[in-house]
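Residue strings, one per chain:
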Amino acid sequence: MKYKYKNLIPFVLVIFMAAAWYQIIRDSVNATREYNGYVEAARRFSDDKVLLDAVENYNKAIQMKDSVGLRMELADVYKDNDMMDETAETAQAMISAFPQNAQAYEYLMDLYLSQESYGGCFRTYDRANKVGAVSERMTQIISEIQYKYRIIASGFSEVSMYSNDICAVRIGDFWAFVDASGVNLSGAEYKSTGDFTEDKVLVENLDGEKYFIDSEGNKRGVLPDGVSSDNIGNFRDGVYFICDSGKYDFYTMGKQKVLGDYSDATTFANGYAVVLTDTGFGLIDAEGKAIGSTDYLKVACDERKVATENKRIFFMKGDSWIMTSTDGEVVGTDTYEDARPFYPNGAYAAVKKDGKWGFVDAEGKMCIAPQFDEARSFSNGYAAVKKDHMWGFVDVSGTIVIEPVFQEAMDMNSSGNVFVKENGGWVLISLYQYNY
């Protein structure tokens, strides 16, 4: 009898296994039928504009079997009902659920693009790029919006150059300082200001007192006794100039005169300045020693009266401009009709040749052919150029990346922001690709 029971065991096991598989298949079929029912109901309610029931059924289907396609349908339901916040939330949840799926990122980027939310496009692309889920469509979107910008500060009647990412701005009748994002640094008002070429700047308060402050508005130095000049230079390399009775003298912050008796002078930069003597303009070092020729007719300076950035100087000799190094040597063989000095963090300097402006590098090579009506030197990867009476911006390839639509333009700061003039006033615009 025991032998017969042993023969029955395999048979019974087969029966149990078959029954188990049957139940699994039956449950799967029922689940599929239930899932399909939710999806069909969701789509039917969506077609009939019955929002709440459509959303409810989509969520039940997602809980049973999640997919990018189903979440896109749910997002479309919200979008078709102009519920854009819910659309974005659904798309963001889709990315969280499927972080490697490029379609999910594409959907959100297209949504942001339709809303002109360019910062959202850049953020989404950055997130996708980190996990290697970038598609051709996403790259195309970034290419389309690469140079979109927005206004982040306005209300300025005058602006200076950005220097160390601080800029003097005029608001109404008075001057103040803003940072790279246009935020007022101290809230103080001044009758006049210099530039933050280093960590100090000369200001004149509303009572007519002149003194040096730091970027936090603290008083950090005063002028030598008896000085009443209106022509006082910017502090850099430990010194600044004062023009008194037609003569330029250099002083330290300790009120000590270290160099002087020049007929004109530029701000020291990189250990050098240009001064005017009886023979002409020439380069000097920190000890006042002349370097190279001292008989040039003019020197190219920026608004801060700096001429020696990038250790290159443009001098006028005869009827033309040439480039020299801080060793006093002529750089390159070209001559120019006009020139702008190199700027900090700038690859190329603007030069004029054959009636048009182009750009040269520090070795004197013409990198962007003369083609613009006017130009400023490069700063942080871009240069302001004038074409057809309006100003725009080019990149280092010479391609116009921001169309000439501004009355005037300044130089890009390290945060991807730049002052431009429109409708008679200055505004600070910000490129989304750097600020999102």
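## Focus on the nonpolar core
Logical step 1: By size, the foremost hydrophobic cluster in this structure holds 24 residues, and its most contacted members are Met94, Tyr105, Tyr107, Leu108, Met109, Cys121 and Ile145.
Logical step 2: Only helix H3 (68-80), helix H4 (84-97), helix H5 (102-114), helix H6 (118-130) and helix H7 (136-145) provide two or more residues apiece to this core.
Logical step 3: When residues of this core are assigned to their parent elements, the largest contribution, seven residues, is made by H5.
Logical step 4: Setting aside its immediate chain neighbours within four residues, isoleucine 145 contacts Leu113, Tyr118, Cys121 and Phe122.

## A word on the packing of aromatic side chains
Logical step 1: A full pass over the atoms with the stated rule returns 22 aromatic pairs.
Logical step 2: Between phenylalanine 177 and phenylalanine 196 the ring centres are 5.1 Å apart and the planes differ by 75 degrees, which places this aromatic pair in the edge-to-face class. You can see phenylalanine 177 sitting in strand E4 (residues 174-178) and its partner phenylalanine 196 sitting in the loop between strand E5 (192-193) and strand E6 (201-204), a full 19 residues away along the chain.
Logical step 3: Overall, phenylalanine 177 belongs to the buried group, its relative accessible area being 3%.
Logical step 4: Chaining the aromatic ring pairs together yields one cluster made of Phe241, Tyr248, Phe250, Tyr262 and Phe268.
Logical step 5: Over the aromatic face of tyrosine 35 sits the side chain of lysine 65, whose NZ or CZ is 4.4 Å from the ring centroid.
Logical step 6: Above the face of the tyrosine 211 ring, lysine 219 is positioned so that its terminal group lies 5.1 Å from the ring centre.

## Quick notes on the pairing of strand E27 (residues 400-406)
Logical step 1: By the bridge criterion, three bridges tie strand E26 (residues 390-394) to E27 in an arrangement that is antiparallel. Directly across from tryptophan 391, in E27, lies its bridge partner phenylalanine 406.
Logical step 2: In sequence, E26 turns back onto E27 through a hairpin of five residues, with glycine 398 there showing a positive phi of about 90 degrees.

## Considerations on the pattern of salt bridges
Should their charged atoms come close, side chains of opposite charge can pair.
Logical step 1: Tallying each qualifying case throughout the model produces 27 salt bridges.
Logical step 2: The shortest N-O distance in the salt bridge between aspartate 230 and lysine 210 comes to 3.2 Å. You can see aspartate 230 sitting in the loop between strand E8 (219-222) and strand E9 (240-244) and its partner lysine 210 sitting in strand E7 (residues 210-213), a full 20 residues away along the chain.
Logical step 3: The structure contains a network of salt bridges with shared partners spanning Arg236, Asp302, Arg304 and Glu309.

The rules behind each value
- Residues numbered from 1 in each chain as written.
- Predicted model: local features only at pLDDT ≥ 70, side-chain atom pairs only at ≥ 80, totals over all residues.
- Heavy atoms only, no water.
- Core = buried A, V, L, I, M, F, W, Y, C linked by side-chain atoms within 4.5 Å.
- Buried < 20%, exposed > 50% of the residue type's maximum accessible area, 1.4 Å probe, protein only.
- Helix = DSSP H or I, 4+ residues; strand = E, 2+ residues; numbered from the N terminus.
- Contact = heavy atoms within 4.5 Å.
- Phe/Tyr/Trp six-rings, centres within 6.5 Å; stacked < 30°, edge-to-face > 60°.
- Lys NZ or Arg CZ within 6 Å of the ring centre and 35° of its normal.
- Pairing = 2+ DSSP bridges.
- Salt bridge = Lys/Arg side-chain N within 4 Å of Asp/Glu carboxyl O.

Treat this as a map of the structure, not an account of what it does.
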